[in-house]
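If you want the building blocks of each chain, they are given just below.
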Amino acid sequence: SDLTDSRTVTLNGKTLKGRVYFWGVGGTWTLQDTFDTDSAIYLLDGTLDTNGQTVTIAYFLAGSSNVRTLTLGASTFNCTDWDTSPSTNLTFNPNTSIVKVLTSGTFQGGGLTYNEVQLNNSGTITISGANTFTTLTRTGTAAKIDELKLSADQVITGTLTLNGNSAVNRLLVYSNTLGTARTLTAAAVSVTNADFMDITGAGAGSWDLSGVSGGSGDALGNSGITFTTADDLFWVDGDGGNWSATTSWSTSSGGASGARVPLPQDDVYIDANSITSGSSTITGDMPRLGKNIDWTGTLNTPRWDKTVWSTIYGSLTLINNMTITSSNYGLYFSGREACTLKSYGISFGGSSASGIIVEMIGGSLTLLDDLDIGVSILVVNNGEFDANGFNVTFGNFQSSNGYVRTITMGDGTWESTWGNWQISTTANLTFNINNSTIKFTTSTFDATFYGGDLTYNNIWNARTGAYKLTIRDSNTFNDFKIDAGREVRFEAGETQTVTTFYAIGTSGNEITLRSTSTSTKANLVKAGGGVIQGEYLIVNDLAASPADTWYAGTSSTDGTDRSEEHTSELQSH
């Protein structure tokens, strides 16, 4: 309601429960003592003057277009999320205040000018808006996943402090858009135990981070920053151990331990002097593993155990006498040059939540042999993934984000053992089908092929059991093959164009072909000369053309059993 006078707020040591709204056109509220609530403060209209008092809340929200004023004085403002966006019609007086974000959350600054902001949480915190700070501090915790994500450039007129907790529990500072740099302009810079990705260092402060405590990591896309010099690091823990342990690393093959844990720019070697006992386990417990990782020459059947999602910034070479256990975790390939993957037939397969994600801005990942990730995911987000003529086995495949990317399928078989193929967004995609075959095999789930209206070479439904394959979008195929006993559903109203179509069922193992709708037909179009001859088909709600080129066979049936206008148009002779 409207409030045209001034009021004071005194809590006398009490903690409020629930949300608190300051909402009165022309009104003013001034805090008289410590203000605590277990929920949020909303400043919707009027003036809030914290009057130098300590404020502890969950969320602060002042983003709107109403006329409002926030005066902090010398307050310490503790919260989990800060939101002054949009800052339209907001008069903001930071004075000598300190805003502290104490747990993982967001700082939506609204493009305003702040005095001191401290981000002391674990996990990821995102700064939104192009803000200005007198002092900005991000302090990490005893966790390997602490991050500072920037959605815009930031200016710090005093000191920018970026401190990871330790050389192992590092802080990652990066842009919210892969490949789009964010600029940190600072009068003074203090950094320890931190890695950077897509960050430009600017201002009067020194961005020579080559000698900082715990080292500085170059996770690529950076400029204006001098990083710790890259090194070659060798695994020397003969009985296996954690990637995060300095006792595992040396600067020479078989040398003394105690070297640093690999930074993103370091090349890593697990070689003939690395593993001295059989079936030793190397636990990849760091989110950033290094640049090029090479297992060539490693002895004694080691196991590589993945316990977090990790990033490799170059190439990966495995050996044929090792195993990988990945459970729910996988690998990001984030190099920005020509990189390779040689796996010697070793399976990366874990669960459907693990796998390989390609995020190579301006770079490429080229296979040097067959790739097997079992039922796990294969995602191409950025850069080029080149199968290079080799076979690829995966659970689900996805490339649908609209970033610049190239998929070169080669002449091998891409086998889906689990579920979906998804290219629902084709913007900025270069798609080279070559002579490839996409094959759907054993699974305990229905599968969906989101083709993205693209042209493919061959597709083959060889799934076992009673699990159907659904084809969506209007796609073009050289050959479409369906094994006996399978069911394929085509998206209603969409058109599949084929040169050849092989669907031969058997008695008791008929092939079901149908639209996804009983009221709208799906379209099948034959390109080129010749005819298509099926057998033992059950056909529902399909429109086939040209009409004189599609034959269902004498042992096939129209499974629609509805009005004539909805029956299928495959001839039975």
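Because the structure is a prediction, the values reported are computed rather than measured. (Residues numbered from 1 in each chain as written. Predicted model: local features only at pLDDT ≥ 70, side-chain atom pairs only at ≥ 80, totals over all residues. Heavy atoms only, no water.)

To continue, consider the pattern of salt bridges. The full count for this structure, using the stated rule, is 10 salt bridges. Asp-198 serves as the salt-bridge partner of Arg-336, at 2.8 Å between the closest nitrogen and oxygen. Here Asp-198 lies in the loop between strand S21 (194-197) and strand S22 (199-202) and Arg-336 lies in the loop between strand S35 (331-333) and strand S36 (338-342), a separation of 138 residues in the sequence. Classification of Arg-336 as partly exposed rests on a relative accessible area of 22%. Of the charged contacts in the structure, one is a salt bridge between Arg-260 and Asp-266, with a shortest N-O distance of 2.7 Å. A residue is classified by how much of its surface remains accessible, and Asp-266, at 0% relative accessible area, is buried. (Salt bridge = Lys/Arg side-chain N within 4 Å of Asp/Glu carboxyl O. Helix = DSSP H or I, 4+ residues; strand = E, 2+ residues; numbered from the N terminus. Buried < 20%, exposed > 50% of the residue type's maximum accessible area, 1.4 Å probe, protein only.)

Right, let's get into the packing of aromatic side chains. Evaluation of the coordinates by the stated rule reveals 42 aromatic pairs. Taking 5.2 Å as the distance between ring centres and 70° as the angle between the ring planes, the aromatic pair formed by Phe-60 and Phe-77 counts as edge-to-face. Of this pair, Phe-60 sits in strand S7 (residues 59-61) while Phe-77 sits in strand S9 (residues 76-79), and the two are 17 residues apart along the sequence. Taking the relative accessible area as the measure of exposure, Phe-60 reaches 0% and is therefore buried. With 5.8 Å between their ring centres and 25° between their planes, Tyr-114 and Phe-133 make a pair best called stacked. Of this pair, Tyr-114 sits in strand S14 (residues 113-119) while Phe-133 sits in strand S16 (residues 132-139), and the two are 19 residues apart along the sequence. One residue, Lys-439, lies across the ring of Trp-460, its end atom 4.0 Å from the ring centre. Residue placement shows Lys-481 over the ring face of Trp-460; its charged tip is 4.0 Å from the ring centre. (Phe/Tyr/Trp six-rings, centres within 6.5 Å; stacked < 30°, edge-to-face > 60°. Lys NZ or Arg CZ within 6 Å of the ring centre and 35° of its normal.)

Here Val-308 shows up in the loop between strand S31 (303-306) and strand S32 (310-312). Expressed as a C-alpha distance, the spacing of Val-308 and Thr-200, which sit 108 residues apart in the sequence, is 28 Å. Excluding residues that lie within four positions of it along the chain, Val-308 makes contacts with Gly-284, Asp-285, Met-286, Pro-287, Tyr-329 and Gly-330. (Contact = heavy atoms within 4.5 Å.)

Our next topic: the side chain of Ser-315. Looking at the secondary structure, you find Ser-315 in the loop between S32 and strand S33 (316-317). A polar atom in the side chain of Ser-315 sits 2.9 Å from the backbone nitrogen of Thr-340. In contact with Ser-315, not counting residues within four places along its chain, are Lys-291, Asn-292, Ile-293, Cys-339 and Thr-340. (Polar contact = N/O pair within 3.5 Å; in protein donor to acceptor, adjacent residues only side chain to side chain.)

It is worth spelling out the nonpolar core at this point. Within the largest apolar cluster, 78 residues are counted, with the highest numbers of intra-cluster contacts made by Trp-243, Trp-304, Leu-316, Trp-414 and Trp-421. A per-element tally of this core places strand S37 (residues 355-367) first, with 5 residues. Listed in part, the 50 residues of the second largest apolar core include Val-9, Leu-11, Val-191 and Phe-227. (Core = buried A, V, L, I, M, F, W, Y, C linked by side-chain atoms within 4.5 Å.)

This paragraph deals with the sheet that holds strand S18 (residues 154-163). An order of S2-S4-S6-S9-S12-S14-S16-S18-S20-S22 is seen for the 10 strands of this open sheet, with the pairing classed as parallel. Looking along the sheet, the strands with just one partner apiece sit at the ends: strand S2 (15-16) and S22. By the bridge criterion, 4 bridges tie strand S12 (residues 98-101) to S14 in an arrangement that is parallel. Directly across from Ile-98, in S14, lies its bridge partner Glu-116. (Pairing = 2+ DSSP bridges.)

This part is about the sheet that holds strand S28 (residues 281-284). With parallel pairing, the 4 strands of this open sheet are ordered in space as S25-S28-S31-S34. Strand pairing shows two members of the sheet lacking a second neighbour, strand S25 (240-242) and strand S34 (323-325), which therefore form its edges. Shown here is a sheet whose adjacent strand axes are inclined to one another by a mean of 20°, direction ignored. In terms of strand pairing, S31 meets S34 through 3 bridges, oriented parallel. Considered in S34, the bridge of Arg-303 is made with Thr-323. (Axes fitted to C-alpha atoms, helices over the stretch in contact; angles between N-to-C directions.)

Bear in mind that shape data such as this cannot, by itself, settle questions of function.
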